[in-house]
Amino acid sequence: MTVTGLSGSAALAGVVGDPVAHSLSPRLMGHWIGALGLDAAYLPFAVPPAGFERFVRGLACSQVAGLNVTLPHKEAALALSDRATPAAKAIGAANLLTFGPDGITADNSDARGFLAAIDPAGIPYRQSAALVLGAGGAARALIHALVTSGISRLILTNRTRDRAEALAADLAPLAAIVDWEDRNDALAEADLVVNATALGLKGASELEMDWIRAKPGAVVFDSVYTPLMTGFLAGASRAGLSVVDGLDMLIGQAAPSFEAFFGAPPPADPPVRPVLLKALGETP
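Being a predicted model, the structure only gives us computed values, none of them experimental. (Residues numbered from 1 in each chain as written. Predicted model: local features only at pLDDT ≥ 70, side-chain atom pairs only at ≥ 80, totals over all residues. Heavy atoms only, no water.)

J.: Is there a simple way to think about the overall build of the protein in this case?
T.: A tally of helices and strands in the protein yields 10 helices and 12 strands. A globule of 284 residues ought to have a C-alpha radius of gyration of about 19 Å, and the protein, at 19 Å, matches this closely. Projected onto its principal axes, the C-alpha positions of the protein cover 60 × 40 × 35 Å. Taking all 284 residues of the protein together, the buried fraction comes to 50%. Of the roughly 12,700 Å² of accessible surface on the protein, a fraction of 54% belongs to carbon and sulfur atoms. Here the protein contributes 20 positively and 27 negatively charged side chains, and the mean placements of these two sets differ by 1 Å. (Helix = DSSP H or I, 4+ residues; strand = E, 2+ residues; numbered from the N terminus. Rg over C-alpha atoms; globule rule 2.2 N^0.38 Å. Buried < 20%, exposed > 50% of the residue type's maximum accessible area, 1.4 Å probe, protein only. Areas by Shrake-Rupley, 256 points an atom, 1.4 Å probe, with all protein chains shown as cover. Lys, Arg positive; Asp, Glu negative; His and termini not counted. Charge placed at Lys NZ, Arg CZ, Asp CG, Glu CD.)

J.: Even after reading the chapter, I still don't get the nonpolar core, so can you show me in this structure?
T.: When a protein is soluble and globular, its nonpolar side chains tend to lie buried together. Judged by nonpolar contacts, the single largest core of 33 residues is most densely connected at Phe114, Ile143, Leu146, Leu154, Leu156, Leu192 and Phe221. Counting only elements with at least two residues in this core, the list comes to helix 5 (110-118), strand 7 (129-133), helix 6 (137-148), strand 8 (153-157), helix 7 (161-171), strand 10 (192-195) and strand 11 (219-222). With six residues, the single largest contributor to this core is helix 6. Excluding its chain neighbours within four sequence positions, the residues that come into contact with leucine 146 are Phe114, Tyr125, Ala130, Val132, Ile151, Leu154 and Leu192. In terms of nonpolar packing, the next biggest core, distinct from the first, is built from 24 residues, Leu250, Ala254, Phe261 and Phe262 among them. (Core = buried A, V, L, I, M, F, W, Y, C linked by side-chain atoms within 4.5 Å. Contact = heavy atoms within 4.5 Å.)

J.: What exactly am I supposed to notice about the pairing of strand 6 (residues 103-107) here?
T.: Moving residue by residue along a regular strand, the side chains alternate between the two faces of the sheet. Most of strand 6 sits out of view: four of its five residues are buried. Here strand 4 (residues 83-84) runs beside strand 6; their pairing, made up of two bridges, is parallel. Looking across to strand 6, one finds that alanine 84 is bridged to alanine 106. Note that strand 5 (residues 96-100) and strand 6 share five bridges and pair antiparallel. Bridge pairing in strand 6 links glycine 100 to glycine 103. (Pairing = 2+ DSSP bridges.)

Rendered as structure tokens:
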């Protein structure tokens, strides 16, 4: 349904960030809204940090059901909420705000999106080791997901070792820390290798790995989805490893938001991935 076809009682939601023009969330949510024929709309909002809290509190007093939150507002979203889910508290950031009579509730669906993306790989977490590269906000969500899923062994590495140590102390005290220069040494035991850095993002340097040293049968995930096939994933694929791109995580984290905003789970058909691939200029 187009915005011009909305009724006065339409369900409304959106995504807020600075910038937000790059976000695929409006296309994703719009696809699901159209597939279900909902009287609803999902809009992008570019809001600078100085105006973020005022903007959110204003919408919370309206008929808007809630907001997805992207950079740089995720920590501020958690801070302004009246209550927060255990996931948002543990991760220390919120990507989902819902509005109701009792105020603003903060949640974080990034961990669920990550697990949904890698679920088809069938990783037996309690018998597996994971190597996570990065120690920023994205890494916090992915590590939380792995820890709560019962991962047997967790290995962390970051360009700044202190940040990896601080993250481990906060979320995964039993994790092993390896220096960034020694990251390839951990490939031999990793059943899952995760890029939670911005390396490989369009315009950024590639994340180089010596994939010949990887454990046979390992699954490799990249949180980056522009470009879809990063050098990190391409190298792993050439080495015969299974790869999962960040687009599946985007779709996975959006599903709980859609249901929270519009009261129905997103439809499986028609599939949304081809729509997003087209938006990225990729071949479905």
